[in-house]
Amino acid sequence: MIARSEPTCRTCGRSLQGVQVSASRRSGTTDELGPDEPERENPDGSDLLAALLDGMDAALCAFDADGVVTHWNREAERILGWSADEAVGRRGLAGWAVRTADAEEVEGRLLSVMHAPGRQVHEFALLTKDGGRVLVRTQSAAVRGPDGKPAGVYCAFSEVHAQIDLERSIALSEALFEDASWGVVLVDVDLRPAVVNAHAARALGTGRTSVLGRPLGELLSQGVEELESALQHVLAEGAPPAPAEVWVTVRATEGEKRRCWRSGFLRLASPLAEEPVPLGVGWLFQDVTEAKQAEQEASLLRFRTQQLHRASRAAAECEDPAEAATVHLDFALAGFADHAVIDRVVGGALTDTQAEGPVRLVRVAATPSGAPGPSKLADLAGLPVRYAEGHPALQSVERVGALRASAGGAPPASGGAPPEAAREWALARQWPPDAVHALCAVLRSRGRTLGVVTFLRGAGRSAFERSDAMYAEDVAVRIAASLDLAGLSDEA
């Protein structure tokens, strides 16, 4: 018979019997734990399960195959008032959590899930410990044992009104991000879009996924500062009391678009944190560009109509018809232009059939080119203005209509030429050096052309538009009538 030798350590000769050997995860070597050293304690699985069940937001109870309650968490205790000690171990729910008359139906529906696939949803009226009744919505599913056979049922339930509130919140969120007729954007704390609905994506001129995580400056060329300032204010101070109207310019594939968005903001905070932790800002907006433009146009039209009315009343009190012409010019300048000049055709009015030689114009009145002030009549020398061929005023007389022009040959919708080039452009046309945009309207009276009135704007204003030309023609009719009357007075 062979005797088995006891394993010993090669270095110290100690016996290794009873010594635990554990593998190190980092080095792959082994280290020795002596018999006197305590083993590492592992958390009890039942304690972990109890902590998980008690930390759930939903009430939970479980039954074994015989219908005996095996688990009961704190949320179930909060809703019904029965503690875990009072609930666990009871067979069924009859007489304490469910009325006896309803117990057979309720328990049958709960336990039937053991023999059905998936989960089942039911609504029951349960009893509270103090005798009240509460309507709950339950989700139940079978619990399988190691052999795969049904071992019991777990049931999660919550009060119906709380469940309905949750479902409404979820449905509202899904509707906002799918079917809303206004833009909805969730902006994170870095002021970058995190979620965008279809309407907002179309307004931004991009797709719903391509916009995510991009700075707002890549989507908007103007209005970014105002929008980011509003978002930062909401993160710091909360939602403003009323919607705000923000003008932006969107970078679209077909070109930049100027839009006005009526925006509402909501600060989003995590409901899971003990203290409010900002998750970002909910930004809801609606495009009101057309309405704002119509409102602005209506307001501008009312103002210009009032100016024409006031000018007519003031001009009616002027004894000199030429002075009345300058009154109309001064009233027209308010909110419309920075400078204006009136030029009259040399040699008298032109009929539509007259075309003898080039047209020459003489200055009649002009506004001061320096400090603002009323228009002044020109001297009586009657020297023609040195307008080069192709001058906008001459073209207006030849075409018998209004004409718009901007520095550098830029179209009226653009911003014009650089400052130095704009100055040269204005001086070459005998206009004040700060003029950038011009609008010439022909002076017509009794079927004849008397001259032309020119309105000028500086770099701080936008170019003249078609609606501006219509207003200038209305002013030109009144000026022409006054100048015609002045000519008749001179002939008399």
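Thresholds, definitions, all that
- Residues numbered from 1 in each chain as written.
- Predicted model: local features only at pLDDT ≥ 70, side-chain atom pairs only at ≥ 80, totals over all residues.
- Heavy atoms only, no water.
- Pairing = 2+ DSSP bridges.
- Helix = DSSP H or I, 4+ residues; strand = E, 2+ residues; numbered from the N terminus.
- Axes fitted to C-alpha atoms, helices over the stretch in contact; angles between N-to-C directions.
- Contact = heavy atoms within 4.5 Å.
- Phe/Tyr/Trp six-rings, centres within 6.5 Å; stacked < 30°, edge-to-face > 60°.
- Buried < 20%, exposed > 50% of the residue type's maximum accessible area, 1.4 Å probe, protein only.
- Lys NZ or Arg CZ within 6 Å of the ring centre and 35° of its normal.
- Salt bridge = Lys/Arg side-chain N within 4 Å of Asp/Glu carboxyl O.
- Core = buried A, V, L, I, M, F, W, Y, C linked by side-chain atoms within 4.5 Å.
- Expected span 1.5 Å × (residues − 1).

A. Main features of the sheet that holds strand 4 (residues 69–72). Spatial strand order, 4-3-7-6-5: five strands in an open sheet with antiparallel pairing. The open sheet has two free edges, formed respectively by strand 4 and strand 5 (120–127), since each of these has just one partner strand. Looking at each pair of strands side by side, their axes are set apart by 30° on average, direction ignored. Here strand 3 (residues 59–64) pairs with strand 4 via three bridges, running antiparallel. Pairing of A62 across the sheet is with H71, part of strand 4. Most of the contacts of helix 4 (residues 100–111) go to strand 5, to which it runs at about 150°, and overall it touches strand 3, strand 5, strand 6 (133–144) and strand 7 (150–159).

B. Just the packing of aromatic side chains, in detail. Here the structure, examined in full by the defined rule, presents nine aromatic pairs. Ring centres of W72 and W96 lie 5.6 Å apart, and the angle between their planes is 50°; on these two criteria the pair is classed as tilted. Here the residue W72 occupies a position in strand 4, and W96 occupies one in the loop between helix 3 (84–87) and helix 4, the gap between them amounting to 24 residues. The same class applies to W72 as to W96, namely buried. Between W283 and F285, the aromatic rings sit 4.8 Å apart at their centres with planes inclined by 35°, giving tilted as the arrangement. Pair check on accessibility: W283 and F285 agree, each one buried. Three or more aromatic residues joined by ring pairs form one cluster here, namely F336, F455, F464 and Y471. The ring centre of W96 lies 4.9 Å from the NZ or CZ of R90, which sits over that ring. Directly above the aromatic system of F336 lies the positively charged group of R457, at a separation of 5.5 Å from the ring centroid.

C. Broad picture of the sheet that holds strand 9 (residues 193–196). Spatial ordering of the open sheet is given by 9-8-13-12-11-10, a layout of six strands whose pairing is antiparallel. What marks the edges here is a single partner per strand, and that holds for strand 9 and strand 10 (220–222). The average angle at which neighbouring strand axes cross in this sheet is 40°, direction not considered. Note: strand 12 (residues 255–269) against strand 13 (residues 278–287), nine bridges, orientation antiparallel. Note on strand 13: the bridge partner recorded for R262 is Q286. Helix 7 (residues 224–237) rests against strand 8 (183–187), strand 10, strand 12 and strand 13 of the sheet, and its axis sits at about 5° to strand 12.

D. Quick peek at the pattern of salt bridges. Under the definition given, this model contains 19 salt bridges. Where R137 meets E123, a salt bridge forms, and the shortest distance between an N and an O atom there is 2.6 Å. Here R137, found in strand 6, pairs with E123, found in strand 5; they are 14 residues apart in sequence, far enough to count as distant. The closest approach of N and O atoms between D468 and R304, which form a salt bridge, is 2.8 Å. Separated by 164 residues along the polypeptide, D468 in helix 12 (residues 466–491) and R304 in helix 8 (residues 289–315) bring together distant segments of the chain. Taken together, the shared-partner salt bridges connect E245, R262, K292 and E295 into one network.

E. Fine view of the nonpolar core. Ranked by size, the top nonpolar core spans 26 residues in total, and within it F336, I342, L443, V453, F455, I479 and L483 carry the most contacts. Elements with a minimum of two residues in this core: helix 9 (321–333), strand 14 (339–345), strand 16 (361–366), strand 19 (437–445), strand 20 (448–457) and helix 12. Per-element accounting of this core gives the leading share, eight residues, to helix 12. Residues V196, L220, V250 and W283 belong to the second largest nonpolar core, which totals 24 residues.

F. Region of interest: helix 8. Its 27 residues place the ends of helix 8 38 Å apart at the C-alpha level, agreeing with the 39 Å of an ideal helix rising 1.5 Å per residue. Here helix 8 has its buried residues at T289, K292, R304, Q307, L308, A311 and A315.

G. Fine view of the pairing of strand 3. Counting buried residues in strand 3 gives five out of six residues, a clear majority hidden from the surface. Relative to strand 7, strand 3 runs antiparallel, the two sharing six bridges. In the sheet register, D64 faces strand 7, and the bridge partner there is G152. Joining the antiparallel neighbours strand 3 and strand 4 is a turn of four residues, in which G67 adopts a positive phi near 85°.

So yeah, pure geometry; function would need other evidence.
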